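Tertiary structure, described
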Amino acid sequence: MSDTHTEIQSGVRAVAARLLSEGRVKTVLGYALGALNETVPCFIKRAEDTKRLVWNARCFHNLATYLPREHMKKHFPMAVVVKGCDRRAVNMLLKESMITRENVVLVGVPCGGMGEPLLHKCLYCEVRKPEDVDEAIPGEPAPIETPREGRFDSVTKLEQLEPDALWEQWKGHVERCIRCYACRQACPLCYCKRCIAEKTQPQWIESSPHLRGNFAWNVVRAFHLFGRCVGCGECERVCPAGIPLGEINSKLAKTVRERFVNYQAGMDAVTPSPFTTYDLGIDNDEGIL
Amino acid sequence: MSVQSRVEPVGAGVTVDYRPYRMIVRKITDETADTKTFRLEFADEAEGSAFSFKAGQFGLYSIFGKGEATFCVASSPTRQGYIECSVKRAGNVTVALHQLNEGDVVGFRGPYGNCFPLEAMAGHNILFVAGGIGMAPVRCVIWNVLDLRDQFKDITILYGARSVNDLVYKHELAEWRARADTHTIYTVDPGGETPDWDGKVGFVPTVLKESAPSSIDAFAVMCGPPVMIKFTLPVLLELGFSKDRIYTTLENRMKCGVGKCGRCNVGPWYVCKDGPVFTAAQIEDMPADM
Amino acid sequence: MQEVKYIRDDWRQTCLDALAGEGYVVLGPMRDGEKVRFRPCTTGSDLVLDQVNSDYPLKEAFLPKTERLLAYTFGPGGEPAMTPPEVATQKLAVLGCRPCDAAALVGLDRVFNWDYEDAFYNQRRRESLILSVGCSTSDDRCFCTSLGLAPDASEGSDLLIQPLPDGGARVTVVSDKGRAFAAAHADVFGPSSTGSPPTVADVPVRLDIEMIKPWLDAHFADDLWEDISLQCLGCGACSYQCPTCHCFDMVDETHWQQGERRRNHDCCSFSLFTRHTSGHNPRPTPASRWRNRLMHKFRYFVERFDRRACVGCGRCMRVCGAGLSLIEILKTVAARPAEKPVQEVTA
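These numbers come from a predicted model, not from an experiment.

1. Regarding the sheet that holds strand β5 (residues 67-72) of chain B
All names here are of chain B. As summarised here, the arrangement of the six strands in space is β5-β4-β7-β2-β3-β6, forming an open sheet in which the pairing is antiparallel. Each having just a single partner strand, β5 and β6 (83-88) make up the two edges of the open sheet. For this sheet, the mean inter-axis angle between neighbouring strands, taken without regard to orientation, is 40°. Bridge analysis of strand β4 (residues 58-63) against β5 gives six bridges, and the strand direction is antiparallel. Considered in β5, the bridge of S62 is made with E68.

2. Focus: the pairing of strand β6 (residues 91-97) of chain C
All names here are of chain C. Among the seven residues in β6, six count as buried, and that is most of the element. For strand β2 (residues 24-32) and β6, the ladder comprises four bridges, and the chain directions are parallel. Each residue of the ladder has a partner; that of L27, found in β6, is V94. For β6 and strand β8 (residues 129-133), the ladder comprises four bridges, and the chain directions are parallel. Among the inter-strand pairings, V94 is bridged to a residue of β8, identified as I130.

3. Things to note about the interface of chain A and chain C
The partner chain C presents 40 residues to the 39 residues of chain A that form the contact. Between chain A and chain C, roughly 3,200 Å² of surface is buried when both sides are summed, and carbon and sulfur atoms account for 55% of that area. The largest contributions to the chain A side of the interface with chain C come from L36(A), R176(A) and I178(A), which together make up 19% of the buried area. Linking chain A with chain C are 22 residue pairs in polar contact (both at pLDDT 80 or more), by the criterion used here. Broken down by secondary-structure element, the contributors of at least two residues to the side of chain A that touches chain C are β2 (39-44), α5 (163-175), α6 (182-186), α7 (211-224) and α8 (234-238) of chain A. Tallied by class, the residues present in the side of chain A that touches chain C amount to 17 nonpolar, 11 polar and 11 charged.

4. A closer look at the pattern of salt bridges
Summed over all chains, the structure comprises 69 salt bridges over all chains. One salt bridge in this structure joins D86(A) and K83(A), with 3.2 Å as the shortest N-O distance. Take D86(A): its relative accessible area is 0%, and that puts it in the buried class. Among the ionic contacts, a cluster of salt bridges with common partners joins E175(A), R176(A), D32(C), R37(C), R39(C), E60(C) and K65(C).

5. Quick look at the nonpolar core
Grouped together as the largest cluster of nonpolar side chains are 88 residues, with contacts concentrated most on V28(A), W55(A), Y66(A), L67(A), M78(A) and V90(A). For this core, the domains that each give at least three residues are domain 1 (3-136) and domain 2 (150-259) of chain A.

6. Side note on the domain arrangement of chain A
Accessible area lost during the coming together of the parts is what is often quoted as the interface size. Residue and element names in this part refer to chain A. Entries for chain A in the domain assignment read domain 1 (3-136) and domain 2 (150-259). Inter-centroid distance (C-alpha atoms) of domain 1 to domain 2 is 26 Å. Taking both partners together, domain 1 and domain 2 bury about 1,600 Å²; carbon and sulfur atoms supply 52% of that area. Seen at the junction of domain 1 and domain 2, the total is four salt bridges. Between E126 and R257 there is a salt bridge; the shortest N-O distance is 3.8 Å. Taken together, the links from domain 1 to domain 2 amount to 12 residue pairs in polar contact (both at pLDDT 80 or more). No other element matches the five residues that helix α2 (residues 84-95) contributes to the side of domain 1 that touches domain 2. A class-by-class count of the residues in the side of domain 1 that touches domain 2 yields nine nonpolar, four polar and six charged.

7. Here we look at the sheet that holds strand β3 (residues 35-40) of chain C
Residue and element names in this part refer to chain C. A sheet is described by the order of its strands in space; here seven strands give the open sequence β1-β10-β9-β8-β6-β2-β3, paired in mixed fashion. Each edge of the open sheet is held by one strand with a lone partner, namely β1 (4-7) and β3. Here the average twist between neighbouring strands, direction ignored, is 25°. Contacts from helix α1 (residues 11-21) reach β1, β2, β6, β8, β9 (159-163) and β10 (169-173), with the element oriented near 170° to β6. The strands touched by helix α2 (residues 99-113) within the sheet are β3, β6, β8 and β9, with β8 carrying the most contacts at an inclination of about 145°.

What counts as what
Residues numbered from 1 in each chain as written. Chains lettered and ligands numbered in written order. Predicted model: local features only at pLDDT ≥ 70, side-chain atom pairs only at ≥ 80, totals over all residues. Heavy atoms only, no water. Pairing = 2+ DSSP bridges. Helix = DSSP H or I, 4+ residues; strand = E, 2+ residues; numbered from the N terminus. Axes fitted to C-alpha atoms, helices over the stretch in contact; angles between N-to-C directions. Buried < 20%, exposed > 50% of the residue type's maximum accessible area, 1.4 Å probe, protein only. Contact = heavy atoms within 4.5 Å. Buried area = accessible area lost by both parts, 1.4 Å probe. Polar contact = N/O pair within 3.5 Å; in protein donor to acceptor, adjacent residues only side chain to side chain. Nonpolar A, V, L, I, M, F, W, Y, C, P; charged D, E, K, R; others polar. Salt bridge = Lys/Arg side-chain N within 4 Å of Asp/Glu carboxyl O. Core = buried A, V, L, I, M, F, W, Y, C linked by side-chain atoms within 4.5 Å. Domains from an automatic or database assignment.

Set out below in structure tokens:
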């Protein structure tokens, strides 16, 4: 762990301890070390337990995913440690009225990227110091070298494949899907109390984990995230089937940028989202700014 | 209560392939605004002749294309050649069931589960207490008992529903009332009576307390919505009924019906295998998982 | 005393060929995209045995994630007619599962044969031959030894193969079926070998499993359930990749004039698993669902089938997106006093 990490970790612990002992929050949601030394989400209730909190290059989880859950309400107000990508997810939840700003205390952490080697999403991150947070942990994120490959290069390669070849490649991935819905449960923007995959009157998506049902599920989920996905990459990380879900979401993110004048989900909590904004005053050819 | 001691291995050595019997809808009776009773006959007569079940058992009724739903067999095992189920319209499958016409084909898988202990009840008095659609499994036992009337002593039927319209098996209620060998008490909730209603007005637990049927040498068979059970059970205990002689039938979300899919358990007990019939004593032992 | 045989040299290919010669379709751990899964295998070098365990569990071979129970068609008037499903006629053999996955089959055998006998599970399982491969490596998520199993345990296997450092493999004959197979291929399964013994992975015992059930018996209501369930994402990854989990759903799928009734795996962690059509849900909270999961595996299954619904394979911990550790949870439980709480609190 680098010096920057240690500094930031101390900062997080100090802030968390203060928030709890002042009674400003009931719970602090941050990262801690699990039994096998991996970094995991943890819910802390007492100031003396905040020494468990850590900050390192394995703080993968998007903690915003816990916020819209019904059974979390009794643990509010809650302080949440957020990286840039997590902060973007919080913006989306605010825009979509899934959380009330007063119920969360945002602890923004400067992030030098996760993973060794760095995750793909981190190479192109534009939110290394999350803004509009209640507690900004001081520190400078470690610099990240500009990657040689363009952000959407892998998507472009897929776009260039013949449909049959693309189908062959993806058929293998999608067949392996086991409909565990880890992708949905890990995603901060998948918060529907009754998911479309769970509806029976009428049934929109077959629940069976065969190729046809799996395609329906994965495609519909991607579509429901169009213009909403912040690219945190959690879905792909948690998928036990190893399906490159990030490629699907990248493809849609690329499309959103092209069609909606460089729109990126969650950069703030006010810009209207394409696809979920109904406004006759917007000229669709100009797109939403 | 040990799990092993409750298991009655009715299916031991029997292969289950989840294939239902093919049934023909012979008669449809509108019980209430949202409840219908279906009389089903086996499409294959040989299957029908070979078929038997015991009071309390259930089956999975299917609409091909929609799926299966679980209901008790509401007709008595003493009546050969058909089975009946009473269905409240609620979800996917029951909506489709309500759209059936006489002559249509449905599926039936069963009989599954345990049964009411009629052999143990023989020679004793029986009090039946039912509420609303909970009368369906109770009605099965009532007709079973009435068809073998001289095996049992005093029979009392206490039945209530939210309103007169919500009473099910209205014709049979009148038949039971007309019988000299059966004592009946019918009631509707306050506000549920009509001008010509001549039964009691009051919640089932209240009416039970007022009527105070004797618990001496008696069994109780009870079924109804959870709130009714919650308030009726203490009254039965006050009246002196023993926890081992109060029987009810539980329901839970089911799929396989044969103790394999893991869905219907209340703590360690599968409603489809260790139940659906349980005594009050056994239910007291159950964790708050229902 | 179990009989021991030896295979010279390329035990993978010789076993595959011997099995194929008897008409078995052989399933082994094979690469499928980024993951390792049980798939038909004919080439020994395709077997992936350099991972601690396959990603997908062996149970898939006998209880597929989705399978057809029956098919139906609708006549011109809408009248349904059933078609029974095809009966699987191929004999299945498994080459290369780990001892934990083989032991898991014993539990599944009980579920699908106690009382009624499940035709679909049995038609794959009855004729099957299990050749498991012992573990020479493990990771910190393995805990088979905490459950009375071991990296060289033979429960559930017909033959247990342990590759030897100097080449070839040592084979322990476990069952009558295994004995018959080895006898029929005496050219493959030879009598002796000199050389180093197989490497057996070191899997330290991590907790006292005997402490678990007494605590579960007395603590249906407890804060533990809330504490664990806060972190849980509520997905089905752990159940689906667990070699012992067996809960399933039954659904009808129709396309115009025909359809099928299918059995699909399902998971008690899902919020709708126990929800009645009326809206009532006996397990409405993540806490109640987590309780059911742990209770089922370490208490209810034990009471009904006299064995735990867990073999310590560790997959649940490897796939958990929230970083939960079953080992840690069990250790937490094992450290708690088992007495019934003085005040019974209803959940």
